[in-house]
Structures are given as C-alpha cells and as structure tokens.
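Single-letter residue listing:
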Amino acid sequence: MARTIAKDHDQKRAQILKSAARVFAREGFDRASMTQLARECGISKANIYHYYDSKDAILFDILETYLHDLRDRICGIEIDGLSGPQRLHTVVREILLAYQGVDDEHRVQTSGMSALPVEQQKQLRGYQRDMIGFLSDILNGIAPETFAGNPGKLRGATMSVFGMLNWYYMWNSGADTAAREDYARMVSDLTLHGLKGL
C-alpha cells in the first residue's frame with residue numbers, strides 16, 4: 001500500500017532544508033551528520049529519513065531550491081522601458097534583497113556544491129549561468145563600446161559586480177532592507193562610473 005503524504009509534508013520539508021542549511025554552514029557538509037540534522041530540525045533521525053535518504057540528497061535539494069528560486073526571481077525582473085543604469089540598479093537591488101535571510105544557503109552554495117555529483121553540479125551551475133548572463137547583457141548594453149570584441153573583459157566586469165554582492169554577508173551580516181538598498185546604490189554607482197574608465 002502506498003504511503004500517504006502528510007498535509008504538512010511541504011512545510012516540514014522546508015523546515016528540514018532551512019535547518020540543514022544552518023548545520024552545513026556552521027559545521028561544513030563533510031562533518032555534518034544526519035543525527036545533527038535531525039537534532040537541529042527537532043525531529044527524530046527516522047523521521048528525517050522519511051523525507052530524504054541521505055545528507056547528499058538534502059544538500060542538493062537545499063541548493064536546487066535556493067538557486068532555482070533565485071534565478072527565477074532575478075531573471076524574471078521586468079526591466080523593459082528602463083534605461084541601462086536603471087536596469088543595473090534594479091537588478092543589483094533585487095539580488096541583495098533576495099540574499100536577505102539566506103546567509104546559510106549562500107554559504108552552503110559556496111562551500112558545498114563541489115560535494116555533489118557532476119551532473120547535479122551542472123544543473124545548479126546552469127542557474128548561476130542564467131543570472132550571470134542576465135547581468136552581463138545589462139552591462140554590455142550600458143557600455144557596448146567598452147566590451148566590443150572582448151568577452152573576457154565583459155565577464156570580468158560581470159563577475160566583479162557579483163563579487164561585490166556575494167560577499168556582502170561576510171562583513172554586514174544581518175543587514176536590513178534599508179542597508180541593502182543603500183549598498184545597491186553604491187555598487188551600481190561604482191560600476192557605472194568604473195565602466196567609463198575601463
């Protein structure tokens with residue numbers, strides 16, 4: 001007889017992912033155990049196996065959920081009708097707001113993805129490439145003469161912007177919405193004025 005799915009299955013699954021991300025970020029994926037994950041979640045080890053058969057499966061689901069949702073949120077921003085600088089600021093602001101409250105997932109993405117099988121890594125890196133391409137197109141639209149015939153320079157500029165955003169949590173953990181919006185303006189202004197000097 002097929003096992004029935006509890007009404008709160010999705011809620012408990014989300015709770016497991018959030019708690020597991022906290023453990024993986026704190027302990028490191030390799031050192032974390034299913035026992036630790038169950039304790040952090042406040043459920044039994046047997047119960048956690050009802051949802052996931054291994055911590056590898058949990059790791060993939062954390063990153064797949066996080067990056068898929070992030071990609072959809074960023075690449076789904078409506079930028080038609082905006083000027084190039086407005087597009088840049090809108091996307092930079094949205095990225096920083098999307099990062100709010102997910103420091104653990106962000107740390108796990110940085111440190112844990114390499115523990116997954118190659119095919120799963122490819123899927124996750126595909127989400128990252130979509131976001132990189134989206135921002136890259138905006139930068140290229142702002143300064144096409146700067147990047148003409150030089151894709152390496154465009155990639156360097158794009159990754160430099162992500163670098164300013166991706167490590168924000170390291171030195172401003174717990175930043176509120178207002179602080180993120182201020183920093184988004186700073187990153188946008190630095191990028192726009194810097195592009196003119198490249």
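The name an unreviewed UniProt entry gives the protein chain is TetR/AcrR family transcriptional regulator, with Ruegeria pomeroyi as the organism.

A.B. asks: Please give an account of the overall build of the protein chain that cites residues and values.
C.D. replies: When its secondary structure is counted, the protein chain shows eleven helices and zero strands. Over its C-alpha atoms, taken along the principal directions, the protein chain stretches across nearly 65 × 35 × 30 Å. In the protein chain, buried positions account for 42% of the 198 residues. Mean positive and mean negative side-chain charge positions of the protein chain (24 and 25 charges, respectively) differ by 4 Å.

A.B. asks: Break down the nonpolar core for me, with residues and values.
C.D. replies: With 57 residues, the main nonpolar core has Phe24, Ile58, Val91 and Leu165 as its most contacted residues. Of all the secondary structure elements, the ones that give two or more residues to this core are α1 (9-27), α2 (34-41), α3 (45-51), α4 (55-75), α5 (84-98), α7 (118-142), α9 (151-166) and α11 (177-197). When residues no more than four places from it in sequence are discounted, the contact partners of Val91 are Ile74, Ile77, Ile79, Phe134, Leu135 and Ile138.

A.B. asks: Describe in detail α1, supporting the description with residues and values.
C.D. replies: An α-helical segment advances 3.6 residues per turn. Residues three or four places apart therefore align on the same side. Relative to the 27 Å expected for 19 residues at 1.5 Å per residue, α1 spans 26 Å between its end C-alpha atoms, a close match to the ideal helical length. Regarding α1, the residues found buried are Ile16, Leu17, Ser19, Ala20, Ala21, Val23 and Phe24. Looking at the buried positions of α1, the neighbouring elements they touch are α2, α3, α4 and α6 (103-112).

A.B. asks: Explain the UniProt feature "domain: HTH tetR-type" (unreviewed entry) in the protein chain to me, and be specific about the residues and the numbers.
C.D. replies: The sites that UniProt annotates as "domain: HTH tetR-type" (unreviewed entry) are residues 10-70. Secondary structure content for residues 10-70 is 80% helix and 0% strand, while the C-alpha to C-alpha distance between its ends is 19 Å.

A.B. asks: So what about the environment of Gln11? Which residues, and what values?
C.D. replies: Note on placement: Gln11 falls in helix α1. For Gln11, a relative accessible area of 61% corresponds to the exposed category. Sequence spacing of Gln11 and Gly126 is 115 residues, and the spatial spacing of their C-alpha atoms is 27 Å.

A.B. asks: Please set out the UniProt feature "DNA-binding region" (unreviewed entry) in the protein chain residue by residue, giving values where relevant.
C.D. replies: The sites that UniProt annotates as "DNA-binding region" (unreviewed entry) are residues 33-52. Strand forms 0% of residues 33-52 and helix 75%; the C-alpha atoms that close the span are 13 Å apart.

A.B. asks: Would you mind going over the packing of α5 against α7 in detail, with residue names and values included?
C.D. replies: Contact pair α5 / α7: the axes reach a minimum separation of 9 Å and the direction vectors enclose 155°. Looking at the two axes, α5 sits roughly antiparallel to α7. When you trace α5 past α7, the crossing you get is left-handed. Contacts from Gly84, Pro85, Arg87, Leu88 and Val91 of α5 reach α7 at Phe134, Leu135, Ile138, Leu139 and Ile142. Among the residues making up the contact of α5 with α7, the classes are represented as eight nonpolar, one polar and one charged.

Analysis parameters
Residues numbered from 1 in each chain as written. Predicted model: local features only at pLDDT ≥ 70, side-chain atom pairs only at ≥ 80, totals over all residues. Heavy atoms only, no water. Helix = DSSP H or I, 4+ residues; strand = E, 2+ residues; numbered from the N terminus. Buried < 20%, exposed > 50% of the residue type's maximum accessible area, 1.4 Å probe, protein only. Lys, Arg positive; Asp, Glu negative; His and termini not counted. Charge placed at Lys NZ, Arg CZ, Asp CG, Glu CD. Core = buried A, V, L, I, M, F, W, Y, C linked by side-chain atoms within 4.5 Å. Contact = heavy atoms within 4.5 Å. Expected span 1.5 Å × (residues − 1). UniProt positions renumbered as here; feature names shortened; annotations may be inferred. Axes fitted to C-alpha atoms, helices over the stretch in contact; angles between N-to-C directions. Parallel < 35°, antiparallel > 145°, perpendicular 65-115°, else oblique. Left-handed = near helix turned anticlockwise from the far one by under 90°. Nonpolar A, V, L, I, M, F, W, Y, C, P; charged D, E, K, R; others polar.

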